Amino acid sequence: KQEVTQIPAALSVPEGENLVLNCSFTDSAIYNLQWFRQDPGKGLTSLLLIQSSQREQTSGRLNASLDKSSGRSTLYIAASQPGDSATYLCAVRPLSLYNFNKFYFGSGTKLNVKP
Amino acid sequence: DTEVTQTPKHLVMGMTNKKSLKCEQHMGHRAMYWYKQKAKKPPELMFVYSYEKLSINESVPSRFSPECPNSSLLNLHLHALQPEDSALYLCASSQGLMSSGNTIYFGEGSWLTVV
């Protein structure tokens, strides 16, 4: 069974710092990996999606990388801002016709960016 | 339009009540999902509908009854719930096939309190 782990569970940084969030998964047979942001009491907002054949995706100050063979993805946030404070979750989609719609989520990293 | 709309945003119900949560998307997605999320935990998959047919039921108690009236709508009927069922209920949708991308989009959620 796929296990997804996110480290650290919580992170507090001063404004302006560059930071890296980590996501690891145990089964490399994935279709894609998606990073989300969740604000307290809200739904999940999709940030970046990386197909299994891709190495990285970028959107603004965000850059996500994927190393499928080692079971790792990182989310890099440049020049962090207080508005980036949220919980960040990663989810993998299995390369399986049977379980294709069964996403496996990590427990998230709660980020606090201090002004 | 990448919006998944959920109603109501908040619901308080007694243990003997019958209520429903509703979800709508107009992105032409053919897979729709119900997730349950407790505080400080990742979303837990409950049900998946693929092409309006129930494809995944994660052993959810029968007091939760999903319904997919058409490709744009998804309901979750609630009856005789327990206080431990209080949580944020998230609806999501994605394309139903192994096509390029296949981002999953989430609604803002319905906060359910069972008293």
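Located above this text is the structure these notes cover.
These notes cover the structure that comes with them. Treat the numbers as computed from the prediction; the structure is a model and nothing was measured.

With that settled, consider the overall build of chain B. Across its full length, chain B carries 0 helices and 11 strands. When the elements of chain B are put in sequence order from the N terminus, they spell out β-β-β-β-β-β-β-β-β-β-β. For chain B, the C-alpha radius of gyration of 14 Å lies close to 13 Å, the compact-globule estimate for 115 residues. Across the 115 residues of chain B, 49% fall into the buried class.

Another point: the side chain of Ser93 of chain B. Residues and elements named next belong to chain B. By secondary structure assignment, the location of Ser93 is in strand 9 (residues 87–94). Given the relative accessible area of 0%, Ser93 is considered buried. A polar atom in the side chain of Ser93 sits 2.8 Å from the side chain of His29. Excluding its chain neighbours within four sequence positions, the residues that come into contact with Ser93 are Val4, Gln25, Met27, His29, Ala31, Met32, Tyr33, Thr103, Ile104 and Tyr105.

Let's shift gears to the packing of aromatic side chains. Under the defined criterion, the tally for this structure stands at 9 aromatic pairs over all chains. Ring geometry for Phe36 of chain A and Phe106 of chain B: centres 5.6 Å apart, planes at 90°, overall edge-to-face. Taken together, the positions of Phe36 of chain A in strand 4 (residues 30–38) and Phe106 of chain B in strand 10 (residues 105–106) put the pair across two chains. Residue classification places Phe36 of chain A among the buried positions, given a relative accessible area of 0%. Put simply, the rings of Phe36, Phe103 and Phe105 of chain A together with Tyr33, Tyr35 and Phe106 of chain B touch in pairs and so form one group of aromatic residues. Positioned over the ring face of Phe100 of chain A is Arg93 of chain A, at 3.9 Å from the centre of the ring.

Another point: the side chain of Gln38 of chain A. Counting through the fold element by element, Gln38 of chain A comes out in strand 4. Taking the relative accessible area as the measure of exposure, Gln38 of chain A reaches 8% and is therefore buried. In terms of polar contacts, Gln38 of chain A uses its side chain to reach the backbone carbonyl oxygen of Lys42 of chain A, at 2.7 Å. When neighbours within four sequence positions are excluded, Gln38 of chain A is seen to be in contact with Gly43, Leu44, Ala86, Thr87 and Leu89 of chain A together with Gln37 and Leu88 of chain B.

Taken together, the contact between chain A and chain B spans 24 residues of the former and 27 residues of the latter. With both sides pooled, the region where chain A packs onto chain B buries about 1900 Å², and carbon together with sulfur makes up 58% of that total. Put simply, chain A and chain B have 1 salt bridge between them. Across the pair Lys102 of chain A and Glu58 of chain B runs a salt bridge whose closest N-O atoms are separated by 3.3 Å. When contributions to the side of chain A that touches chain B are tallied by element, the ones reaching two or more residues are strand 4, strand 5 (44–51) and strand 9 (86–94) of chain A. Per element, the largest residue contribution to the side of chain A that touches chain B is 5 residues, and it comes from strand 4 of chain A. In terms of residue class, the side of chain A that touches chain B is made up of 10 nonpolar, 11 polar and 3 charged.

Scoring rules and cut-offs
- Residues numbered from 1 in each chain as written.
- Chains lettered and ligands numbered in written order.
- Predicted model: local features only at pLDDT ≥ 70, side-chain atom pairs only at ≥ 80, totals over all residues.
- Heavy atoms only, no water.
- Helix = DSSP H or I, 4+ residues; strand = E, 2+ residues; numbered from the N terminus.
- Rg over C-alpha atoms; globule rule 2.2 N^0.38 Å.
- Buried < 20%, exposed > 50% of the residue type's maximum accessible area, 1.4 Å probe, protein only.
- Polar contact = N/O pair within 3.5 Å; in protein donor to acceptor, adjacent residues only side chain to side chain.
- Contact = heavy atoms within 4.5 Å.
- Phe/Tyr/Trp six-rings, centres within 6.5 Å; stacked < 30°, edge-to-face > 60°.
- Lys NZ or Arg CZ within 6 Å of the ring centre and 35° of its normal.
- Buried area = accessible area lost by both parts, 1.4 Å probe.
- Salt bridge = Lys/Arg side-chain N within 4 Å of Asp/Glu carboxyl O.
- Nonpolar A, V, L, I, M, F, W, Y, C, P; charged D, E, K, R; others polar.

By themselves these figures say nothing about function.
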